[in-house]
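Coordinates in review
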Amino acid sequence: MRFNTLSLPVHYFVWHYGGAFRDIFRIETNIMWFLYNFFSLSILFKTFFSPWRRLSENKNEDAFWQRIIINTIMRLVGFLARLVTVISGLFIILIAFIVSVAFYVIWFLLPAIVVVLLIGGAVSLTL
């Protein structure tokens, strides 16, 4: 196969604005999927008001109010733990989305930045 150095910039731009954008989008989709599943957001939303842990309870009638109070406290603890995890997960996903948008903008402008820097370097050498 013969390599033509004059066609290199054309092939680079086709890859940079074509195949690379598809690959970057696929990678970003995988990262978002991973973060969503890492924090188990769907499970946390389904079990938002479930108790945190089950404690062993006495089944006699004297402990009725004790069971009610312990179950209520455990549901409150479970709600707060899940709420903190959900907020943390959504915050991390938001940061990942902002970083991916910034990456897309930088990737889009990168060839122009390289050209401007090369021209600026050539001009500064002539001064």
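Residues numbered from 1 in each chain as written. Predicted model: local features only at pLDDT ≥ 70, side-chain atom pairs only at ≥ 80, totals over all residues. Heavy atoms only, no water.

Structural notes on the overall build of the protein chain
Rule in force here: Secondary structure elements follow DSSP: runs of H or I no shorter than four residues count as helices, runs of E no shorter than two count as strands, and numbering proceeds from the N terminus. Per-residue accessibility, obtained with a 1.4 Å probe over protein chains only, is compared with the maximum for each type, and a residue is labelled buried under 20%, exposed over 50%, and partly exposed between these values. Here, two residues are considered to be in contact whenever any of their heavy atoms come within 4.5 Å of each other. Accessible areas in this description were obtained via Shrake-Rupley with a 1.4 Å probe; residue shielding takes into account the shown protein chains only.
From N to C terminus, the protein chain includes three helices and zero strands. Relative to its full complement of 127 residues, the protein chain shows a buried share of 20%. The contacts in the protein chain between residues at least 6 apart in sequence include a share of 81% that link residues at least 24 apart. When the accessible surface of the protein chain is summed, it comes to about 10,300 Å², and 75% of that surface belongs to carbon and sulfur atoms.

Structural notes on the packing of aromatic side chains
The geometry of an aromatic ring pair comes down to the distance between the two centres and the angle between the two planes. The line we're drawing: The criterion for an aromatic pair is that two Phe, Tyr or Trp rings (for Trp, the six-membered ring) have centres within 6.5 Å, with stacked assigned to planes under 30 degrees apart, edge-to-face to planes over 60 apart and tilted to the rest.
Counted by the stated rule, this structure contains twelve aromatic pairs. Where Phe21 meets Tyr104, the ring centres are 5.9 Å apart and the plane angle is 10°; that geometry is what we call stacked. Of this pair, Phe21 sits in helix H1 (residues 8-38) while Tyr104 sits in helix H3 (residues 64-126); the two residues are 83 residues apart in sequence, bridging distant segments of the chain. Judged by relative accessible area, which is 22%, Tyr104 ranks as partly exposed. Each member of the aromatic cluster is reached from another via a ring pair, and the members are Tyr12, Phe13, Trp15, Tyr17, Phe21, Phe103, Tyr104, Trp107 and Phe108.

Quick word on unusual backbone geometry
The backbone of Ser40 shows a phi angle near 50°, a positive value even though the residue is not glycine. Tracing the chain through its elements places Ser40 in the loop between H1 and helix H2 (41-46).

Remarks on the packing of H1 against H3
Selection rule: Helix axes are fitted only over the stretch in contact, all axes being lines through C-alpha atoms; the angle between N-to-C directions runs from 0 to 180 degrees. Between 65 and 115 degrees an angle is taken as roughly perpendicular, under 35 as roughly parallel, over 145 as roughly antiparallel, and anywhere else as oblique. Residue polarity follows a fixed list, in which Ala, Val, Leu, Ile, Met, Phe, Trp, Tyr, Cys and Pro are nonpolar, Asp, Glu, Lys and Arg are charged, and the others, Gly among them, are polar.
Two elements in contact, H1 and H3, have axes whose closest approach is 11 Å; the angle formed by their N-to-C orientations is 175°. As judged from the angle between their axes, H1 and H3 are roughly antiparallel. Here the residues of the contact of H1 with H3 sort into 21 nonpolar, two polar and one charged.

Considering the nonpolar core
Threshold: For this analysis, a nonpolar core means a set of buried residues of the types Ala, Val, Leu, Ile, Met, Phe, Trp, Tyr and Cys, connected via side-chain atoms within 4.5 Å.
Formed by Leu35, Phe39, Leu41, Leu44, Phe48, Val86, Ile93 and Ala96, the largest nonpolar core amounts to eight residues. Put simply, the parts of the chain that give this core at least two residues each are H2 and H3. The element best represented in this core is H3, accounting for three residues. Apart from residues no more than four positions distant in its own chain, Phe39 is found in contact with Leu44, Thr85, Ser88, Gly89 and Ile92.

Observations concerning the side chain of His16
Our working rule: In protein, a polar contact means a hydrogen-donor-capable atom and an acceptor-capable atom, both N or O and within 3.5 Å, with residues adjacent in sequence counting only if both atoms are side-chain atoms; elsewhere, any N or O pair within 3.5 Å suffices.
Looking at where His16 falls in the secondary structure, it is placed in helix H1. At 2.7 Å, the side chain of His16 forms a polar contact with the backbone oxygen of Trp107. The contacts of His16, once residues within four sequence positions are left out, are Phe21, Trp107, Leu110 and Pro111.

Here we look at H1
To keep things clear, this is the line we draw: Bend, at a single residue, is the angle you get between axes fitted to the 7 residues ending at that residue and the 7 residues starting at it.
Its axis deflected by about 40° at Trp15, H1 carries its strongest bend there. Buried-residue contacts for H1 involve H3. Positioned one or two residues after H1, Ser40 has a phi angle of 50°, which is positive.

Limitation: the analysis is restricted to geometry and does not speak to function.
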